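What the coordinates show
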Amino acid sequence: MHVSITSQTAAFFFLLVYLSCQINISVSFNLSLNDIIPSDILPSVSFNVSLNYIMPSTSDNTSKCWHDAFKTLHKADRNHPEMRMNVSELISSKGYPCEDHYVQTEDGYILSMQRIPHGRQNADKHGPRPVAYLQHGLLGDATNWLVNLEEQSLGFILADAGYDVWLGNCRGTTYGKKHSSLSPDDRAFWDFSLDEMAQYDLPAFINYALNVSGQSQLYYIGHSQGTAIAFAAFSQNKELGKKVRLFTALAPVTTVGGIDGPLKFLVDTNVHMGFEVLLKAIGIHELLPKNNSGSQFMEFFGDTVCGNKNTAIICENIIFLAGGFDCFRMNATRLPIYAAHAPAGTSTKNIIHWAQLVKSGKFQMYDYGFFGNFQHYQESTAPEYDLSQMDVPVAIFSGEWDNLADPKDVALLLPKLKNKVYTRDIAKFDHVDFIWAFDAGEVLYNDVLHVMQKH
């Protein structure tokens with residue numbers, strides 16, 4: 001097959017292929033990489049992949065589930081209006097008020113925030129409203145909380161429940177690509193990982209939302225990496241933690257050493273180190289960006305990989321790698337909309353940081369190596385985040401089938417938290433079900449609201 005994709009998509013796709021193959025297969029692709037190598041030097045590059053790796057097998061029903069779902073993506077109506085909307089338009093198109101705000105971090109990033117000040121039916125309620133702040137996960141943005149129907153999307157559910165809802169977009173995402181002095185074309189712009197999000201982005205978001213709303217505290221709700229940066233920030237910055245009335249952690253992530261399958265294989269075989277060297281060598285510092293027409297990776301993924309019977313096994317296993325075991329809670333008719341808004345990009349350094357965490361089994365800062373650590377931390381090893389220092393009340397919601405916030409790692413996390421107010425493990429729930437499950441309202445969000453109302 002012949003396709004033209006960017007270098008970021010090509011590099012990340014071949015890493016995923018390498019991790020996802022569960023039988024001996026040979027796949028050949030011709031990719032145009034002229035954004036790396038001029039066409040007069042190398043018109044095209046042919047990659048021949050023959051890999052052998054054993055993935056945990058999924059059931060026939062699960063396989064059919066993903067096959068049917070991605071047939072929907074492959075045949076999707078590319079003119080669905082929500083596929084072309086930005087985050088503010090997704091909000092206003094459903095009849096909710098939306099405000100766009102911009103906040104500058106201490107290190108110069110100018111990040112977008114969206115505010116839903118009230119719901120559709122409670123605009124006449126007088127007096128201050130409790131503030132709910134929602135933080136997306138890795139490779140996500142604020143649209144994660146908005147792309148389902150109104151009664152299924154947490155951003156809208158909270159607004160209708162009487163909350164003043166704020167949504168943040170971390171640096172490097174679709175809505176986090178501005179800086180006071182740097183351009184996304186500058187290598188220095190992408191010199192960040194989750195450490196900087198915890199140190200700079202979260203304080204900027206929280207302080208801004210409280211200042212504008214006139215409140216002294218807010219409810220913080222994070223998913224995946226949105227929990228990790230909160231655990232990091234609140235354990236180090238106690239003054240910031242005092243401004244959080246309740247931290248609701250959906251698919252909580254700190255240590256990730258318990259991950260099984262291809263992500264574990266990635267670091268156990270040190271593939272991530274070679275991948276890091278390759279990306280640096282060819283000057284790629286951003287991974288999986290979203291352009292004006294949506295997510296290029298997902299468009300290529302749905303059209304070329306999942307839409308071809310010869311590569312269907314790769315399609316299924318990449319989905320397993322990304323989200324977990326099943327797709328039965330996913331509304332397949334919404335899949336083209338999810339694909340248009342995610343992934344939303346991040347830095348190569350951030351992805352490498354997560355690979356380091358899988359390798360170490362610790363929740364620690366970015367590891368710059370022996371000499372680099374001395375330069376950054378004045379010690380030879382990357383410091384660990386001490387979760388025992390976090391005073392913020394926290395409610396934990398985990399998933400039985402979560403392949404990324406693995407139950408083994410969640411079990412290690414719980415004893416470290418001295419102010420747990422609620423814990424719940426949801427049966428047959430995977431990583432993306434926390435934001436995209438069609439029944440998340442009744443299975444999860446009603447419980448989230450109940451816990452918030454008690455605190």
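The structure displayed is predicted, hence computed values, not measured ones.

Remarks on the overall build of the protein
Counting secondary structure elements, the protein contains 18 helices and 16 strands. Within the protein, contacts between residues at least 6 apart in sequence are counted, and of these 77% link residues at least 24 apart. A total accessible area of about 18,100 Å² is found for the protein, and carbon and sulfur atoms account for 51% of it.

Re the pattern of salt bridges
If you walk through the whole model with that rule in mind, you get 14 salt bridges. Taking the shortest distance from any N to any O, the salt bridge between D201 and R171 comes out at 2.7 Å. Note that D201 is positioned in helix α6 (residues 194–213) and R171 in the loop between β7 (164–168) and β8 (178–179), a separation of 30 residues in sequence. Here the two residues D201 and R171 agree in accessibility, since each one is buried. Taking the shortest distance from any N to any O, the salt bridge between E239 and K242 comes out at 3.1 Å. Among the charged side chains, a salt-bridge network with shared partners connects E82, K94 and R334.

Quick notes on empty space enclosed by the protein
A complete count under the given rule lists two cavities of 30 Å³ or more for this structure. The calculated volume of the second largest cavity comes to roughly 40 Å³. Forming the boundary of the second largest cavity are H136, G137, L138, L139, G140, C170, R171, T173, M197, Q225, G345 and T346.

Remarks on the pairing of strand β10 (residues 244–250)
Burial runs high along β10: six of the seven residues are buried. Judged from the six bridges that link them, strand β9 (residues 218–223) and β10 form a sheet pairing that is parallel. For Y220, the partnering residue across the bridge sits in β10 and is F247. Across four bridges, β10 lies against strand β15 (residues 394–399) in parallel orientation.

Some points on the side chain of R171
For R171, a relative accessible area of 1% puts it in the buried group. Within the local environment of R171, its side chain forms a polar contact with the side chain of D201, the two groups lying 2.7 Å apart. For R171, the residues in contact, after removing those within four places along its chain, are T105, D107, Y109, L111, G176, F192, E196, M197, Y200 and D201.

Reading guide: rules and limits
- Residues numbered from 1 in each chain as written.
- Predicted model: local features only at pLDDT ≥ 70, side-chain atom pairs only at ≥ 80, totals over all residues.
- Heavy atoms only, no water.
- Helix = DSSP H or I, 4+ residues; strand = E, 2+ residues; numbered from the N terminus.
- Contact = heavy atoms within 4.5 Å.
- Areas by Shrake-Rupley, 256 points an atom, 1.4 Å probe, with all protein chains shown as cover.
- Salt bridge = Lys/Arg side-chain N within 4 Å of Asp/Glu carboxyl O.
- Buried < 20%, exposed > 50% of the residue type's maximum accessible area, 1.4 Å probe, protein only.
- 1 Å grid on protein atoms, 1.4 Å probe; cavity = no way out; pocket = protein on both sides within 12 Å on 5 of 7 lines; lining within 4 Å.
- Points joined across faces, edges and corners; volume = space filled by probe spheres on them.
- Pairing = 2+ DSSP bridges.
- Polar contact = N/O pair within 3.5 Å; in protein donor to acceptor, adjacent residues only side chain to side chain.

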